[in-house]
Amino acid sequence: MQTIPHYINGSRVADAERFGPVFNPATGEQDKQVALASAARVEEAIAAAKAALPAWRATSLAKRTNIFFRVREILTQRKSELAAILTSEHGKVLSDAEGEISRGLENIEFATGLSHMLKGERSEQVSSGVDVHSVRQPVGVVACITPFNFPAMVPLWMIGSALACGNTVLLKPSEKDPSSAVFIAEVFAEAGLPAGVLNVVQGDKEAVDVLLEHRDVKAVSFVGSTPIAQSIYKRAADHGKRVQALGGAKNHMVVLPDADLDMAADAAISAAYGSAGERCMAVSVLVAVGNIADDLIAAIKSRMATLKIGPGTDPASQMGPLITAEHREKVASYVAGAENEGATVVVDGRAQQFDSNGFFIGVSLVDHVKPGMKVYDDEIFGPVLSVVRVDTYSDAVRLVNDNEFGNGVAIFTRDGGAARQFEFDVEAGMVGVNVPIPVPVGTFSFGGWKNSLFGDTHMYGPESIRFYTRGKVVTTRWPDPATSVIDLGFPQVD
């Protein structure tokens, strides 16, 4: 059986005291195992990153930039190879896997502009003979803890900016689909990144605990569920670390009565069921405003019947399996409980049969959902779309703003004034107007509000540069030594 290793100080390290199973979700079979790091192994990786930091920090911006250009070239050439790895361990269809890689490459492209992003400011003659300038310097060793649902894109979100800013990185991927992290690290090495600058530590809670508490780790980036994000934020901050922890979501798609219902139905299908709903930006709540609900639900239901669910390697498949059997059962439990809570199950994905022992489930549509029902309140993270009926635009905005999450939201309408007002009114970090999944391009930053984010800084883009660097201000004066005097007063500008 293949063992997925760590990648420490430029080498694969496969020996371990414990191993975790890695399944092919399309077959339900374990075909790999992953080495799980002990505390000592994590400390070894931290030591490697710390040792590599001085030389990497001193590497010129021009040389760092060249490495990122080469990383982009290599990943583009090997996209299909990496996509096959993602599909084999996550289950998503190949086209979705390739799309994930493309979106991750946006962050590598952003990092190639590091010479511009790291520019400071300068003012001369702020006082007589005194100049001031500012610089941004790396924070040090950075831990990046990434989720199972985007095993290539989210690591590229983090490590692109972190490395560009002169930090060294410890990447701890999900143990459910860990191979892509090693693949990416070896691509960076092939592109010229020195040993020890990017390390991959495979593991579970034992590894995470060390990263959160070790004094040599100066910053932590995390993406995952809200309870874990909140815990990681508190523990890492309590140990004096800079933290950005992105949590869960309950993304709403508001459809106004004037919207193009066919376009809205297409968007709802794509945003709710793509990647089997295992996206933090998936639409899980459709908010039908006014009298459009029946027609909209009919349009969505007719499209659901045409979806092809199967192995990600099948070009005809539009949706693959869920990540584990346990997660499949959890998703199914929400559909089972919805009717008891007073909702109407229009399409029950549990009823669909598959010729496979894989972790497949069909798509579900649940109507007459209300706040207080588990199917509404919880982040299901699966192919379940809930419909909430409201009377007015104000009711829709109130519903969205009362939710504990504030990751993403979308509105579908032909009315530019209504869309502009919605953008102003709604409390969420990312807003789409006739765009169901408003994930920003790499030159902007990704992140939500409320219980979707713990910390002050969003992921990738301009905000990532601020997160992975510290500002330093330098005040200089070059006076004539003959004019030097002792002055115990508070410095004044003159």
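Please refer to the structure higher up on the page.
Here is a short report on the structure shown in this document. Since the model is a prediction, treat every value here as computed from it, not as a measurement. (Residues numbered from 1 in each chain as written. Predicted model: local features only at pLDDT ≥ 70, side-chain atom pairs only at ≥ 80, totals over all residues. Heavy atoms only, no water.)

This brings us to the overall build of the protein chain. Tallying secondary structure elements over the protein chain gives 16 helices and 23 strands in all. Computed over C-alpha atoms, the radius of gyration of the protein chain comes to 25 Å, within 12% of the 23 Å expected from 2.2 N^0.38 for 494 residues, which places it in the range of a compact globule. For the protein chain, the C-alpha atoms occupy an extent of roughly 85 × 60 × 40 Å along the three principal directions. Out of the 494 residues in the protein chain, the part that is buried amounts to 55%. (Helix = DSSP H or I, 4+ residues; strand = E, 2+ residues; numbered from the N terminus. Rg over C-alpha atoms; globule rule 2.2 N^0.38 Å. Buried < 20%, exposed > 50% of the residue type's maximum accessible area, 1.4 Å probe, protein only.)

So, on to the packing of helix α4 (residues 94–111) against helix α6 (residues 153–164). One way to put it is that α4 packs onto α6 with a least axis distance of 8 Å and a crossing angle of 5 degrees. The angle between α4 and α6 places the two elements in the roughly parallel class. Packed against α4, whose contacting residues are Glu100, Arg103, Gly104, Leu105, Asn107, Ile108, Phe110 and Ala111, the element α6 presents Met153, Leu156, Trp157, Gly160, Ser161 and Ala164 at the interface. Partitioning the contact of α4 with α6 into residue classes produces eight nonpolar, four polar and two charged. (Axes fitted to C-alpha atoms, helices over the stretch in contact; angles between N-to-C directions. Parallel < 35°, antiparallel > 145°, perpendicular 65-115°, else oblique. Contact = heavy atoms within 4.5 Å. Nonpolar A, V, L, I, M, F, W, Y, C, P; charged D, E, K, R; others polar.)

Another point: unusual backbone geometry. Most peptide bonds are trans, and most residues other than glycine sit at a negative phi. Even without a glycine there, the phi angle at phenylalanine 381 is positive, about 60 degrees. Tracing the backbone shows phenylalanine 381 in the loop between α13 (374–377) and β17 (384–390). The exposure class assigned to phenylalanine 381 is buried, which follows from its relative accessible area of 18%. Positive phi, close to 45 degrees, is recorded for tyrosine 460, a residue that is not glycine. If you trace the backbone, tyrosine 460 turns up in the loop between β22 (453–454) and α16 (461–467).

Next up on the list: the packing of aromatic side chains. Under the counting rule described, the total for this entry stands at nine aromatic pairs. Centroid distance phenylalanine 68 to phenylalanine 188: 5.9 Å. Interplanar angle 85 degrees. Geometry classified as edge-to-face. With phenylalanine 68 in helix α2 (residues 61–77) and phenylalanine 188 in helix α7 (residues 179–190), this residue pair connects regions lying 120 residues apart in the sequence. Under the relative-accessibility criterion, phenylalanine 68 is labelled buried at 1%. Given a relative accessible area of 1%, phenylalanine 188 falls into the buried group. A centroid spacing of 4.5 Å and a plane angle of 40 degrees characterise the contact between tryptophan 157 and phenylalanine 446, whose relative ring orientation is tilted. In this pair, tryptophan 157 sits in helix α6 while phenylalanine 446 sits in the loop between β20 (430–433) and β21 (449–450), placing the two residues 289 residues apart along the sequence. (Phe/Tyr/Trp six-rings, centres within 6.5 Å; stacked < 30°, edge-to-face > 60°.)

As a further point, take the pairing of strand β16 (residues 364–367). Burial of the side chains of β16 extends over both faces: Ser364 and Val366 are buried on one face and Leu365 and Asp367 on the other. Summarising the sheet, strand β15 (residues 344–347) and β16 pair through three bridges and their orientation is antiparallel. Bridging across to β16, valine 345 finds its partner in valine 366. In the sheet, β16 pairs with β17 via three bridges, with the strands oriented parallel. The partner of leucine 365 across the bridge, within β17, is leucine 385. (Pairing = 2+ DSSP bridges.)

Turning our eyes to something else, we now look at the sheet that holds strand β5 (residues 29–36). Taken together, the three strands give an open sheet; going across it, the order is β1-β5-β4, and neighbouring strands pair in mixed fashion. Every interior strand has two partners, whereas the edge strands, β1 (2–4) and β4 (18–24), have only one. Sheet twist, expressed as the average angle between the axes of neighbouring strands with direction ignored, equals 35 degrees. Of the strand pairs in this sheet, β1 and β5 are connected by three bridges, and their pairing is parallel. Among the inter-strand pairings, glutamine 2 is bridged to a residue of β5, identified as lysine 32.

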